[in-house]
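Each chain, written out:
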Amino acid sequence: MRVLVSDPLSSEGIALLKKHHQVDQLFGLDEEQLVGEIGKYDALVVRSGTKVTAAVIDAAKKLQVIGRAGVGIDNIDLERATAKGIIVLNAPEGNTISAAEHALAMLTSLARNIAAADCALKEGRWERSRFMGVELNQKTLGIIGLGRIGSEVARRARAMGMRIVAYDPYIPAEQAEKIGATALPLEDLFRRSDFITLHLPCNKQSYHLIGEKELALMKTGVRLVNCARGGLIDEAALYEAIKDGRVAGAALDVFEHEPPLESPLLELPGVVATPHLGASTREAQVNVALQVAEQVVLALRGDPVVSAVNMPSMLPEEMAAVKPYLPLMRLLGGLYFHLYGGRIDEIELYYGGEVAGHAVAPLTTACLIGLFSHILGEQVNYVNAPHIARSRGVRVRESVSKNIDNFTNLVMLTVKAGSEKYTIAGTIFNRSDIRIVRIGDYRIEVIPSAYMLLCTYSDRPGVIGRVGTFLGEKGINIAGMQVGRRSAGGEAIMALQVDEPLSPAVLQRLAQLEGILTARFVHLEERELSPLLENSRGF
């Protein structure tokens, strides 16, 4: 597939993309130029420089994924991308350590007046008494936002002897305690903290989280650090609080409007400012490039990604647990289409054994992709598959049970269409070997392959041999065969893996052989078969 990288990306990330796909690097494109280029690409990788507008997305006829090498996605029209089924992902973990270290560097610089002292000395002024600082040891650090970066800041600040209090409504108090922080209501944090650092996104709820009212609640002489997002602090209110002496100083890496060259805050000696450098380390640039490249490759392969922002995401360890089942789920959905096709009113998915202990939502979505990719003949992925099911009035039900017989794990797909019901079930051996173990009422163990012939037949001597002879006469080699039956002498099923496709005429003639009840040929396309092969090789 073709990938467009429209902003500079580290060579390590480019190399990973090129290992799997064709990559073009075109920098500095305006909207009109990007609209003219984007139609031939399957993936777009950007940093903050490229604006992925609605016009760009509408012109992207093949685009499956937009990767943001960084965290913020305000340069991407997320709503339009989601409506078109385009996955938008970012690299939230790549700069975690760099951002945390920068926040600590700003905190230390603020406490010891390092930036101002450096400037004074370089201007020829030796002013030791002017730059009296404060220790961090035994001071209380209030952390607003105890996610990845906030947690890393807490761990490092504790090593410096600071007492940690934190506010994060999405983190349980027990989790805060594990990091060494005491969870507090926000107003209590304002009252108790000697230093306050922010580590949360800026949205409608958090915009101007710290304003005149909040600053009035804080200790006199408090110091603030913002290396998260501009707009979290009302900069006009902060300016007045620093001028009045209520706030001793602020260390700011981000501003509401960037670059903030006209900001009066830059005139205050108590303000340490840097030009949005939180992720500006060599290591972070490599990390975000590799992370976004890995996720883009997974998305183009049809696998779910851990950092998608317009679909439910999963922790890496949970993703690793369910990943072996994803090819099985897409295969079940695809096999239903190949074997039965037609109308779908309701889908039931039963998860038994080990798989029942994991999050099954992405597995259900993978099965929907397998189903609707054939039915609709359009792009179906982890973003829009559940929406497609709802829009078509298809009911989706899930059930789980950790206790099953005969298998360590089992997934059963049942599709209801009017008064008819169709069932296909599969399992995984050794976390990589996929088997179809039930088709309709027949128990069987089918090894998936590109070309498969499935026949129901009368279970009596000579029928299987007749099929083998017929295929041999047509020059079609049989690579493998499995059989199953309800009872001896009744109806049975055979699954044959063959080395080449059967023409409709050959299939029709085979179906007329004595003892054959039904004959269906299944051709698993490359997009269906490659995940099965990758499942045994790994990423």
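What this report covers is the structure whose coordinates are included nearby. (Residues numbered from 1 in each chain as written. Predicted model: local features only at pLDDT ≥ 70, side-chain atom pairs only at ≥ 80, totals over all residues. Heavy atoms only, no water.)

### Description of the pairing of strand 18 (residues 442-446)
- Of the two faces of strand 18, the one holding Y442, I444 and V446 is buried and the one holding R443 and E445 is not buried anywhere.
- Where strand 17 (residues 433-439) meets strand 18, three bridges bridge the pair, whose relative direction is antiparallel. Counterpart to I439 in the pairing with strand 18 is Y442.
- Taking the residues between adjacent antiparallel strands as the criterion, strand 17 and strand 18 are bridged by two residues, where G440 takes a positive phi near 60°. (Buried < 20%, exposed > 50% of the residue type's maximum accessible area, 1.4 Å probe, protein only. Helix = DSSP H or I, 4+ residues; strand = E, 2+ residues; numbered from the N terminus. Pairing = 2+ DSSP bridges.)

### A look at the nonpolar core
- Ranked by size, the top nonpolar core spans 74 residues in total, and within it L17, I87, V296, M329 and I436 carry the most contacts.
- For this core, the leading source of residues is helix 12 (residues 282-301), giving nine residues.
- Once residues lying within four places of it in the same chain are set aside, the contact partners of M329 are L349, Y351, L363, A366, C367 and V411.
- Grouped together as the second largest cluster of nonpolar side chains are 30 residues, L198, A228, L232 and L265 included. (Core = buried A, V, L, I, M, F, W, Y, C linked by side-chain atoms within 4.5 Å. Contact = heavy atoms within 4.5 Å.)

### A few points about the packing of helix 5 (residues 96-112) against helix 7 (residues 148-159)
- Here helix 5 crosses helix 7 at 50°, and the two axes come no closer than 9 Å. When the axes of helix 5 and helix 7 are compared, the pair comes out oblique. The chirality of how helix 5 crosses helix 7 is right-handed. Residue-level contacts link T96, I97, A99, A100, E101, A103 and L104 of helix 5 to R148, I149, E152, V153, R156 and A157 of helix 7.
- Looking at the contact of helix 5 with helix 7, its residues break down into eight nonpolar, one polar and four charged. (Axes fitted to C-alpha atoms, helices over the stretch in contact; angles between N-to-C directions. Parallel < 35°, antiparallel > 145°, perpendicular 65-115°, else oblique. Left-handed = near helix turned anticlockwise from the far one by under 90°. Nonpolar A, V, L, I, M, F, W, Y, C, P; charged D, E, K, R; others polar.)

### Structural notes on helix 5
- An ideal rise of 1.5 Å per residue puts 24 Å on 17 residues; helix 5 measures up with 25 Å between its terminal C-alpha atoms.
- Buried residues dominate helix 5, accounting for twelve of its 17 residues.
- N113 occupies a position one or two residues after helix 5 and carries a positive phi of about 55°. (Expected span 1.5 Å × (residues − 1).)

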